[in-house]
Amino acid sequence: MMKNSLSLWIIALIITGTSAMFQRMTGPSYPVSGTEMFHGIKIHYVFDRSHGGGTNHHVELKIADRSMRGILTWRRYKSLDPWSSVPMTYSGGLLSAELPSQPPSGKLLYRVILYAGSDTIALPPYDAVSIRYKGDLPPTLLGAHIVLMFLGMLTATRAGLEFFKKEPRLTMLTYWSLGFLVTGGLILGPLVQHYAFGAYWTGWPFGPDLTDDKTAAMVLVWLIAAIALKRSRKPVRWTLAAAIVTLLVYLIPHSLLGSELDYTTGVTQQTIKSP
């Protein structure tokens, strides 16, 4: 029995870790990276798409050739602004410049143009990168939110795997799943969003924020699973269904339909598109 339980925990941990990584890497805040050959030099770049703290955002490139010049170009997203250009400075093998601070949920489009003699290259080559600004988040609050949501996914997955045991033990796993998701999602989640974007809840019925709606959906299905523990003849089916819903929710990229400032109107809205 002990070996069986340990195996299920290992499977649950693998599923949780994989889905969390997938959600992070497919989300609109994951950095844009790549490698390009320019003037005989391989140049690797990593451009952030999220910045917090109310400060300027530092952009840098590691360049071996100190004669190479760079310009950081940017403009406010959803604005009528022309493109601005900032010369990049070379120091310690790095070309660097800064993007100006923006209000929470404000976005900038930016890219780097490199010059070497008569040759030029844009990084990234296909399109500009968008970066969204947010307020200063207390690290302990953000850390607690992330840990509790991860634990909620882990216990939810583990509870769903009880379906495959002859004598499933659901009570504690179901309550722990519900408790983690309520605390991490419905209590700490709105606090995180308030610090980041100045609003506690922008999901249904107040707006289309998908992150808030996903949290509400997970809590709802686990509340139903908890009720089914005493009212259903086969509560394990409800637990499995709740675990599947939770997994599907975690496969949706994070921060879709997130807060975004429209500079032309001054209104913050939720959008799914991010260049």
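Everything discussed here concerns the structure shown above.
Below: a short report on this structure. Treat the numbers as computed from the prediction; the structure is a model and nothing was measured. (Residues numbered from 1 in each chain as written. Predicted model: local features only at pLDDT ≥ 70, side-chain atom pairs only at ≥ 80, totals over all residues. Heavy atoms only, no water.)

1. Here we look at the overall build of the chain
Next up, step 1: What the chain contains, in helices and strands, is five helices and 13 strands.
Next up, step 2: Along the first, second and third principal axes, the C-alpha set of the chain runs to 75 × 45 × 30 Å.
Next up, step 3: Taking all 275 residues of the chain together, 45% fall into the buried category.
Next up, step 4: Pairs at least 24 residues apart make up 68% of the contacts formed inside the chain by residues separated by at least 6 positions.
Next up, step 5: Carbon and sulfur atoms form 64% of the exposed surface of the chain, whose accessible area is close to 14700 Å².
Next up, step 6: Seen as two clouds, the 25 positive and the 16 negative side-chain charges of the chain have centres 13 Å apart. (Helix = DSSP H or I, 4+ residues; strand = E, 2+ residues; numbered from the N terminus. Buried < 20%, exposed > 50% of the residue type's maximum accessible area, 1.4 Å probe, protein only. Contact = heavy atoms within 4.5 Å. Areas by Shrake-Rupley, 256 points an atom, 1.4 Å probe, with all protein chains shown as cover. Lys, Arg positive; Asp, Glu negative; His and termini not counted. Charge placed at Lys NZ, Arg CZ, Asp CG, Glu CD.)

2. So, the sheet that holds strand E4 (residues 57-62)
Next up, step 1: Taken together, the three strands give an open sheet; going across it, the order is E4-E8-E7, and neighbouring strands pair in antiparallel fashion. At either margin of the open sheet sits one strand with a lone partner, and together these are E4 and strand E7 (89-91). Across this sheet, the average inter-strand angle for adjacent strands is 30°, counted without regard to direction.
Next up, step 2: Judged from the three bridges that link them, E7 and strand E8 (residues 94-99) form a sheet pairing that is antiparallel. (Pairing = 2+ DSSP bridges. Axes fitted to C-alpha atoms, helices over the stretch in contact; angles between N-to-C directions.)

3. Considering the packing of helix H2 (residues 139-161) against helix H3 (residues 171-197)
In helix packing, the relevant descriptors are the interaxial angle and the interaxial distance, both defined with respect to the helix axes.
Next up, step 1: At a minimum axis separation of 8 Å, H2 and H3 run at an interaxial angle of 150°. If you check the angle between H2 and H3, you find them roughly antiparallel. When the axes of H2 and H3 are compared, the crossing they make is left-handed.
Next up, step 2: Here the residues of the contact of H2 with H3 are counted per class, giving 16 nonpolar, eight polar and one charged. (Parallel < 35°, antiparallel > 145°, perpendicular 65-115°, else oblique. Left-handed = near helix turned anticlockwise from the far one by under 90°. Nonpolar A, V, L, I, M, F, W, Y, C, P; charged D, E, K, R; others polar.)

4. A short note on the packing of aromatic side chains
Next up, step 1: Within the structure shown, the criterion is met by four aromatic pairs.
Next up, step 2: A centroid spacing of 5.7 Å and a plane angle of 65° characterise the contact between Phe47 and Tyr110, whose relative ring orientation is edge-to-face. With Phe47 in strand E2 (residues 41-47) and Tyr110 in strand E9 (residues 107-116), this pair connects stretches of sequence that are 63 residues apart.
Next up, step 3: Taken together through their ring pairs, the aromatic side chains of Tyr45, Phe47 and Tyr110 make up a single cluster. (Phe/Tyr/Trp six-rings, centres within 6.5 Å; stacked < 30°, edge-to-face > 60°.)

5. Details of helix H5 (residues 235-250)
Next up, step 1: Across its 16 residues, H5 extends 23 Å between first and last C-alpha, which sits within 8% of the 22 Å expected from 1.5 Å per residue.
Next up, step 2: Every buried residue of H5 is accounted for by Pro235, Val236, Thr239, Ala242, Ala243, Thr246, Val249 and Tyr250. Mapping the buried residues of H5 onto a view down its axis gives an arc of 140°, with all of them on the same face. Across from the buried face of H5, at angles greater than 90 degrees, the exposed residues are Arg237 and Leu248. (Expected span 1.5 Å × (residues − 1). Arc of directions from axis to C-beta.)

6. With respect to the pattern of salt bridges
Next up, step 1: If you walk through the whole model with that rule in mind, you get three salt bridges.
Next up, step 2: Residue Glu162 pairs with Arg158 through a salt bridge whose shortest N-O separation is 2.6 Å.
Next up, step 3: For Glu162, a relative accessible area of 1% gives the class buried.
Next up, step 4: The residue Lys165 makes a salt bridge to Glu162 at a minimum N-O spacing of 3.3 Å. The exposure classification of Lys165 matches that of Glu162, with both residues buried. (Salt bridge = Lys/Arg side-chain N within 4 Å of Asp/Glu carboxyl O.)

7. Observations concerning the environment of Val59
Next up, step 1: As for its position among the elements, Val59 is in strand E4.
Next up, step 2: Placed 14 residues apart in sequence, Val59 and Tyr45 show a C-alpha to C-alpha distance of 9.8 Å.
Next up, step 3: Beyond its immediate sequence surroundings of up to four residues, Val59 is in contact with Phe47, Leu72, Met88, Leu95, Ser96, Ala97, Leu99, Tyr110 and Val112.

8. Quick word on unusual backbone geometry
Next up, step 1: A cis amide bond links Leu123 to the next residue, Pro124, at an omega of -10°.
Next up, step 2: Structurally, the position occupied by Pro124 is in the loop between strand E10 (119-123) and strand E11 (129-134).

9. Comments concerning the pairing of strand E5 (residues 69-76)
Next up, step 1: With eight bridges connecting them, E5 and E9 associate as antiparallel partners. When the bridges of E9 are listed, Arg69 appears paired with Tyr115.
Next up, step 2: As paired strands, E5 and strand E6 (residues 84-87) are joined by four bridges and run antiparallel to one another. Paired with Trp74 across the two strands is Ser84, which belongs to E6.

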